[in-house]
Amino acid sequence: MSNTIESAARPIPVPSDLTRPYWDAAKEHRLDIQRCQECSYFIHVPLLRCPRCDSAALAYEPVSGNGTIYSYTSVHDTRVKSFQAIGPFIVAHVELVEQLGLKITCNLSGTDPADVKIGAPVEVIFLPIGEGMVLPDFKLATLAETGGTHD
Amino acid sequence: MTDKKAKVAVLGIGYSKISRGNSTQSLGADAVEACRAAISDAGIGVEEVDGITTYKYRPDYYGGSTAAPDESVDGVLVASPQYIWKHLGFPNLRWGEWNDKFVGSSLIEAHNAIAGGACRYALVWRACGFEQGIRYGNIDPDRVTGNDEFTLPYGAYGGPPLLALLAQRYFDGYGATRAHMATFISMTRKNALLSGRGYWAENRPEQLSVADYMAARMISSPLCLYDCDIPVQGCAAYLLGPAEAAQDVPHGSAFIKGFAQGYLGPGGVQTFLHSGGRARPPLDDGYAWEPNLELGRRIASNLWAATGLTPKDISTANLYDGFSIIAWSWLEGLGFCGEGEAFEFVQDGRVEIGGELPINTSGGNLGEGRMHGAPHVSEAIYQAMGRAGERQVKDARYTLAAPDRLAVGQAIVFSSEPD
């Protein structure tokens with residue numbers, strides 16, 4: 001596995017006051033997404049004000065971690081040096097079940113590229129990436145878990 | 001009813017050579033050359049130019065980079081208004097500005113400055129270069145902060161992967177394949193070589209066959225090498241003036257009939273000129289097909305209202321193709337074909353010169369090089385002026401340029417007559 005995404009030296013996020021709750025939740029293997037407390041709109045990536053209603057009353061709330069693959073690409077030629085040592089890797093946008101259009105970037109690491117299809121149900125996983133940081137990623141949902149419903 | 005008579009026209013156009021690290025002159029010198037050529041083409045003197053504007057930002061910088069600030073590379077990797085002012089003089093300058101979106105927005109700003117009386121003759125230019133001596137656009141961050149926290153740890157960076165997400169969604173949703181793209185890309189190269197300007201025509205006059213495209217190495221699936229424009233160094237410039245000044249110009253002018261613009265932000269479709277460009281979050285809907293189409297329809301309805309025209313009135317269109325799939329999003333967004341139809345619309349010669357709707361008749365960015373929409377603006381102007389040579393579209397009364405990604409885009413209609 002030395003040539004796959006698992007071995008990539010990933011840049012380490014340095015959280016700000018705005019983003020720290022997201023990364024703190026990930027350390028506890030929980031996916032928390034910023035949400036407007038006025039109009040209930042989920043926001044990712046984090047912002048200072050709600051793009052829908054302009055409220056500044058934003059807070060992080062746990063989400064199910066379930067979604068579907070919105071789109072994907074197999075990256076063969078990257079400008080990020082630490083990823084140039086590995087073979088082609090997947091970058092995907094996952095649309096979370098909580099809200100239409102609520103998307104999150106991931107690698108679907110550990111998933112066979114042949115199984116990566118738009119619309120496929122996925123669930124969150126958590127990857128330690130060094131210095132105590134944990135990165136949310138996704139994998140194909142297991143059959144038992146795809147029948148669940150979420151708020 | 002609003003008065004749809006054009007108030008402003010493009011009177012002159014100028015180009016430097018387009019090179020790729022093999023130029024004997026700096027980007028700044030390219031910009032000075034192109035600007036002087038545009039002023040001279042309009043038949044006026046430098047002292048008559050009283051307005052200037054540009055979009056100056058580097059094509060090889062997406063954020064997350066350790067790139068030097070623009071100020072330290074002015075004349076080398078950018079050509080700012082201050083730089084051009086210093087080198088051309090402009091003793092009677094009254095209006096100067098630089099904007100945050102591509103050259104189409106610069107053109108709109110210049111139009112409005114002239115129409116509003118801030119200046120009489122406005123010079124617009126776009127100088128594009130890239131840092132030599134490193135692999136193009138390479139970055140090597142070990143720490144990331146801000147929006148990059150949510151993308152760079154996944155290696156999601158730069159144009160190809162993000163536009164590949166747009167392309168894959170489209171391919172999967174509507175049944176398009178790389179073979180459909182191949183005919184389109186091969187056509188843009190053919191057009192570029194006809195034009196004689198741009199990277200390929202000036203440096204490597206090689207046709208690109210469908211087979212060449214199909215065999216090309218993958219960059220970020222489904223986008224291969226030839227879906228991505230080639231980074232170049234060069235400058236294009238335009239001289240705008242009041243419509244009545246067109247009668248003094250020794251050749252045809254391109255009257256600005258109307259324009260519209262839009263922006264896809266984290267809150268969805270917006271039509272005001274937001275600070276798009278580099279400030280937007282990376283996970284906005286800019287790389288998602290459906291929101292792009294929705295925005296395109298909004299831009300289109302504003303454009304057709306502003307011009308009193310319909311897609312059928314457009315003689316030829318130049319649609320941004322810094323990454324190939326974007327041109328298809330404009331075809332559908334502006335209503336030249338229906339949703340999910342672009343990949344078939346571009347087949348069977350329909351969009352070739354002599355076809356139903358010739359598009360990217362100078363090859364666009366894919367044909368001229370990474371000039372960030374200048375090829376589209378230039379060609380729409382040349383066609384409206386009737387100066388497109390072998391590429392000239394017959395009776396090109398209304399020509400269109402959509403010289404940016406749809407998600408942050410503008411569409412401009414030029415007319416060969418003041419109307």
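Preceding block: the structure.
Residues numbered from 1 in each chain as written. Chains lettered and ligands numbered in written order. Predicted model: local features only at pLDDT ≥ 70, side-chain atom pairs only at ≥ 80, totals over all residues. Heavy atoms only, no water.

Caption draft 1: Representation of the packing of helix 8 (residues 289–307) of chain B against helix 9 (residues 325–333) of chain B in the model. All names here are of chain B. Contact geometry for helix 8 and helix 9: axes closest at 8 Å, N-to-C directions at 50 degrees. What the angle tells us is that helix 8 and helix 9 run oblique. Considering only the axes of helix 8 and helix 9, their crossing is right-handed. From helix 8, W289, L293, G296, R297, I299 and A300 reach across to helix 9, where they touch I325, W328, S329, W330, E332 and G333. Looking at the contact of helix 8 with helix 9 residue by residue, the class counts come to seven nonpolar, three polar and two charged. (Axes fitted to C-alpha atoms, helices over the stretch in contact; angles between N-to-C directions. Helix = DSSP H or I, 4+ residues; strand = E, 2+ residues; numbered from the N terminus. Parallel < 35°, antiparallel > 145°, perpendicular 65-115°, else oblique. Left-handed = near helix turned anticlockwise from the far one by under 90°. Contact = heavy atoms within 4.5 Å. Nonpolar A, V, L, I, M, F, W, Y, C, P; charged D, E, K, R; others polar.)

Caption draft 2: Quick look at the packing of helix 5 (residues 178–195) of chain B against helix 9 of chain B. Residues and elements named next belong to chain B. It is at 11 Å that the axes of helix 5 and helix 9 come closest, and there the two elements cross at 90 degrees. It follows from the interaxial angle that helix 5 and helix 9 lie roughly perpendicular. Together, H180, M181 and F184 of helix 5 and I325, A327 and W328 of helix 9 make up the contact between the two elements. Grouping the amino acids of the contact of helix 5 with helix 9 by side-chain chemistry returns five nonpolar, one polar and no charged.

Caption draft 3: Representation of the interface of chain A and chain B in the model. Taken together, the contact between chain A and chain B spans 46 residues of the former and 42 residues of the latter. Summed over both sides, the interface between chain A and chain B buries roughly 3900 Å², with carbon and sulfur atoms accounting for 57% of that surface. Note that K103 of chain A is salt-bridged to D285 of chain B, the shortest N-O span being 2.6 Å. Inspection of the chain A/chain B interface yields 27 residue pairs in polar contact (both at pLDDT 80 or more). If you tally residues by element for the side of chain A that touches chain B, the top one is strand 5 (residues 66–75) of chain A, at six residues. Classifying every residue of the side of chain A that touches chain B gives 25 nonpolar, 14 polar and seven charged. (Buried area = accessible area lost by both parts, 1.4 Å probe. Salt bridge = Lys/Arg side-chain N within 4 Å of Asp/Glu carboxyl O. Polar contact = N/O pair within 3.5 Å; in protein donor to acceptor, adjacent residues only side chain to side chain.)

Caption draft 4: Layout of helix 12 (residues 374–385) of chain B. Residues and elements named next belong to chain B. With twelve residues, helix 12 extends 16 Å between its outermost C-alpha atoms, agreeing within 8% with the 16 Å of an ideal straight helix rising 1.5 Å per residue. The buried fraction of helix 12 is high, at twelve of twelve residues. Residue G386 follows helix 12 closely and has a positive phi angle near 75 degrees. (Expected span 1.5 Å × (residues − 1). Buried < 20%, exposed > 50% of the residue type's maximum accessible area, 1.4 Å probe, protein only.)

Caption draft 5: Representation of the sheet that holds strand 8 (residues 234–242) of chain B in the model. All names here are of chain B. Pairing in this open sheet of nine strands is mixed, and the strands run 3-2-4-8-1-9-14-13-12 from one edge to the other. Each having just a single partner strand, strand 3 (95–98) and strand 12 (316–319) make up the two edges of the open sheet. Strand after strand, the sheet turns through a mean of 25 degrees between neighbouring axes, direction not considered. As paired elements, strand 1 (residues 8–15) and strand 8 share seven bridges and run antiparallel to each other. Each bridged residue has a counterpart across the sheet, and for G14 the counterpart in strand 8 is A237. (Pairing = 2+ DSSP bridges.)

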